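# Examining the three-dimensional arrangement
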Amino acid sequence: MKLKRVFAAVTAFALCASLAGCGAAASVSESAAESAAESTAESAVEAEPAATEAPAESEATEATLRIAGLKGPTTMGLVNLMADEVASSYDFTMYGAADEIVPLLVKGDLDAAAVPANLAATLYNKTNGAVEVACINTLGVLYIVENGETVNSVADLKGQTIVTTGKGATPEYVLRYVLSENGVDPDSDVTIEYCSEATEALSKVQAGEATIAMLPQPFVTSALSQVEGLRVALDMNEEWQKVAGSKLVTGVLVVRKDAVENDPEAFASFMEGYAASVEAANSDLEGTAALCEQYGVVAKAALAQKALPQCNIVFETGDEMKADLETYFNVLYAADPTSVGGTLPADDFYYAG
């Protein structure tokens, strides 16, 4: 298996907060990844007008499927496949940031990638439908944590200050939607303070400047061990499902349509292996955690093993995938159309197998 590890030179950020060092958290929030990647998606398409063209005949016959992953939950479900004996059929590449992946996917230098869900919609729009979503690989990873015992429902957030990341991106839209649907006005009933990094939000809690924060996994797992008395007060996945009637989505596998069309059976075989890999990620926590450290998906196996049950790694396809994504995209579109690329994806965005 060919596995390259490529890290961003200046801002090493991932889908959710990645971790570095011995238990110390060091990363930029997922909102930074989304914002930068969406901007890159637009510029990459403008700079490469021929990017959506099918590959040359010699390229089309290549047996290797070129797949990109990011540090964090969206790639946790892939690691067992990366270590499998069939991995020689695939070229897995690890990247430190989504904006590194976007131009390669647009130009056809990558066939598939695990990316934030709304970035997949943006790519679809910016490439005139050259990509499609193959599966949901990660559900919501956002949690409300509190240093105290006052918050036991969304209604309890009224009158409180919440520190979080993600202004102008998915975390903000999710928080505002859940608050609004529970009768809490996000503009007048609560004070939301946005930070550039999850570490900054946590530092405010540690310093006593705030008692409530919304953070992503696996950062939450690390934070719980750093702050005495810190607890998970609300699971935003559960709160989203209560008001939206569908599951909150974080990450997906997006694939170029020409890569699927060139060899539908090979891609179907990959999907079968991916499903088995996700099943192993949820059943063999110790083994999966070791692979997460081995491939640089999470810094330490011990942290990955603790975080895995809360990272909501899934393999969701077909009608269920479409229903969950459509609800999610509708909420984001209502908040800010540019968050999904300007328009909602059409039916051909959803891989039917």
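Everything numeric in this text was worked out from a predicted model, so none of it was measured.

## As for the overall build of the protein
When you go through the protein residue by residue, the secondary structure sums to 15 helices and 12 strands. Taking all 353 residues of the protein together, the buried fraction comes to 55%. Considering only intrachain contacts with a sequence separation of at least 6, the fraction spanning at least 24 residues in the protein is 81%. Counting only carbon and sulfur atoms, one obtains 46% of the accessible surface of the protein, whose full area is about 13600 Å².

## Description of the sheet that holds strand 6 (residues 142-147)
Ordered by their spatial adjacency, five strands build an open sheet running 8-7-9-6-10, and the pairing between neighbours is mixed. Every interior strand has two partners, whereas the edge strands, strand 8 (191-195) and strand 10 (230-235), have only one. Each strand axis lies, on average, 30° off the axis of its neighbour in the sheet, ignoring direction. Most of the contacts of helix 8 (residues 198-206) go to strand 7 (residues 161-165), to which it runs at about 155°, and overall it touches strand 6, strand 7, strand 8, strand 9 (212-216) and strand 10.

## Considering the confidence of the model for the protein
On average, residues of the protein score 84 in pLDDT, and 82% of them reach the 70 mark or higher. Below pLDDT 50 for its whole length, residues 1-36 participates in 113 contacts with residues either more than four positions away or in separate chains.

## Overview of the pairing of strand 9
For strand 9, the buried fraction is high: five of the five residues fall into the buried class. Of the two faces of strand 9, the one carrying Ile212, Met214 and Pro216 and the one carrying Ala213 and Leu215 are both buried. Judged from the five bridges that link them, strand 6 and strand 9 form a sheet pairing that is antiparallel. Bridge assignment links Val145 to a residue of strand 9, and that residue is Ala213. As judged from the two bridges shared by strand 7 and strand 9, these two strands associate in the parallel manner. Along strand 9, the bridge assignment pairs Val163 with Ala213.

## Description of unusual backbone geometry
Cis geometry marks the peptide bond from Gln217 to Pro218, where omega comes out at 5°. Assignment of secondary structure puts Pro218 in the loop between strand 9 and helix 9 (219-226). For Asn128, which is not glycine, the phi dihedral falls at a positive 55°. The exposure class of Asn128 is exposed, given its relative accessible area of 72%.

## Notes on the environment of Ala299
Examined against the element boundaries, Ala299 turns out to sit in the loop between helix 13 (285-294) and helix 14 (301-307). In this structure, the C-alpha to C-alpha distance between Ala299 and Lys71, residues 228 residues apart in sequence, is 9.0 Å.

## Considerations on the pattern of salt bridges
For the structure on display, the rule yields 12 salt bridges. In this structure, the salt-bridge partner of Glu146 is Arg231, at a minimum N-O distance of 2.9 Å. Of the two residues, Glu146 sits in strand 6 while Arg231 sits in strand 10, which places them 85 residues apart along the sequence. Comparing Glu146 with Arg231, the two get one shared label, buried. With its nearest N and O atoms 3.6 Å apart, the salt bridge here joins Glu316 to Lys247. Remark: Lys247 occurs in the loop between helix 10 (236-244) and strand 11 (249-256) and Glu316 occurs in strand 12 (residues 313-316); sequence separation between them is 69 residues. Side by side, Glu316 and Lys247 carry an identical accessibility label, which is buried. One salt-bridge network, in which partners are shared between bridges, spans Lys247, Glu316, Glu320 and Asp324.

## Thoughts on the pairing of strand 7
The buried fraction of strand 7 is high, at four of five residues. When strand 7 meets strand 8, the two strands line up parallel, connected through five bridges. Directly across from Thr164, in strand 8, lies its bridge partner Tyr194. In this region the chain leaves strand 7, passes through helix 7 (residues 170-181) and returns to the parallel neighbour strand 8; the handedness of that crossover is right-handed.

Cut-offs and rules
Residues numbered from 1 in each chain as written. Predicted model: local features only at pLDDT ≥ 70, side-chain atom pairs only at ≥ 80, totals over all residues. Heavy atoms only, no water. Helix = DSSP H or I, 4+ residues; strand = E, 2+ residues; numbered from the N terminus. Buried < 20%, exposed > 50% of the residue type's maximum accessible area, 1.4 Å probe, protein only. Contact = heavy atoms within 4.5 Å. Areas by Shrake-Rupley, 256 points an atom, 1.4 Å probe, with all protein chains shown as cover. Pairing = 2+ DSSP bridges. Axes fitted to C-alpha atoms, helices over the stretch in contact; angles between N-to-C directions. pLDDT = per-residue confidence, 0-100. Salt bridge = Lys/Arg side-chain N within 4 Å of Asp/Glu carboxyl O. Right-handed = clockwise from strand over helix to strand, strands pointing away.

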